[in-house]
Amino acid sequence: MRLDRYLARSGRYSRSEARKIIQQGRVRVNFLEIHNPGYHLKPGDRVEVDGEVLAYEAHVYLMLNKPAGLVSSTTGEDSVLTLLPDEFRRRGVFPAGRLDRDTEGLLLLTNDGQLAQRLLHPKRQVPREYLVTLDAPLSPEQLGRLLEGLTLRDGHRARFEAVDPTGLPRNYRVVLREGRYHEVKRLFAAAGRRVIYLKRVAFGPLRLDPDLPPGRWRPLTAEELQALRRALGLAASTPR
Ligand code: URA
């Protein structure tokens, strides 16, 4: 990785600040002053800024309770990244998967491309759990069709793995093992119902922290990260 990129990914400096401090001679690699921002670092290189070793975790994993009104993009004034300190944007954090603008709930934000790819890969069929409020209750016949499978408008066959009433009128907990565009809404539409509220509460082994109000985030705990890595067939510890 380029030296200026490495410094920027630490989250402490923007790319242009990183270039400046390198050119000012404040950065040493393996005890040698380096003035070239494009200097290529090898794994294990020791990087110091102003005499202090720059140590940071290569990857960031954050749980966000996405509020309605923001989009799962990395740019724009209405991006979910606007909820995070700038440091994370510099470190290349992005949402692992999408929730619609009006959907709330669990969103994993990370800069670990390999983990995100595994989480989202259709082959892995990672379960997603949602709470939904519908325009009207489901009939037993509609419930049966949603579990058996329905053909969506684009010709794709889809089904819920579980549809359970929560006890509140018109409210259900549903589980789906894929993440196609608007899939929860399209499945209910195919059964003749409209989703009027949607919240994701679990994704694989991750469950939305009930103490996290909409718009708030926190890093994953070590246990959550281990469970996630295990579920995705990744080695137990985070590579540095
Ligand atoms: N399905 C939807 O329809 N919308 C979401 O945001 C997520 C799943």
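Here, the structure is the one placed above.
So, a few notes on the structure that sits alongside this text. Everything quoted here is computed from the prediction, not taken from an experiment.

On inspection of all chains with the given rule, the structure shows two aromatic pairs. Aromatic pair Phe 88 and Trp 217: ring centres 5.4 Å apart, planes at 80 degrees, arrangement edge-to-face. Here Trp 217 lies in strand β15 (residues 217–219) and Phe 88 lies in helix α3 (residues 86–90), a separation of 129 residues in the sequence. Look at Phe 88 and you get buried, because its relative accessible area is 10%. Under the relative-accessibility criterion, Trp 217 is labelled partly exposed at 25%. When the centroid spacing of 5.1 Å and the interplanar angle of 40 degrees are considered together, the rings of Phe 160 and Phe 188 count as tilted. Taken together, the residues span a long stretch of sequence, with Phe 160 in the loop between β10 (157–158) and β11 (162–165) and Phe 188 in helix α6 (residues 183–190) at a distance of 28 residues. As far as burial versus exposure is concerned, Phe 160 and Phe 188 are alike and both buried.

Reading guide: rules and limits
Residues numbered from 1 in each chain as written. Predicted model: local features only at pLDDT ≥ 70, side-chain atom pairs only at ≥ 80, totals over all residues. Heavy atoms only, no water. Phe/Tyr/Trp six-rings, centres within 6.5 Å; stacked < 30°, edge-to-face > 60°. Helix = DSSP H or I, 4+ residues; strand = E, 2+ residues; numbered from the N terminus. Buried < 20%, exposed > 50% of the residue type's maximum accessible area, 1.4 Å probe, protein only.

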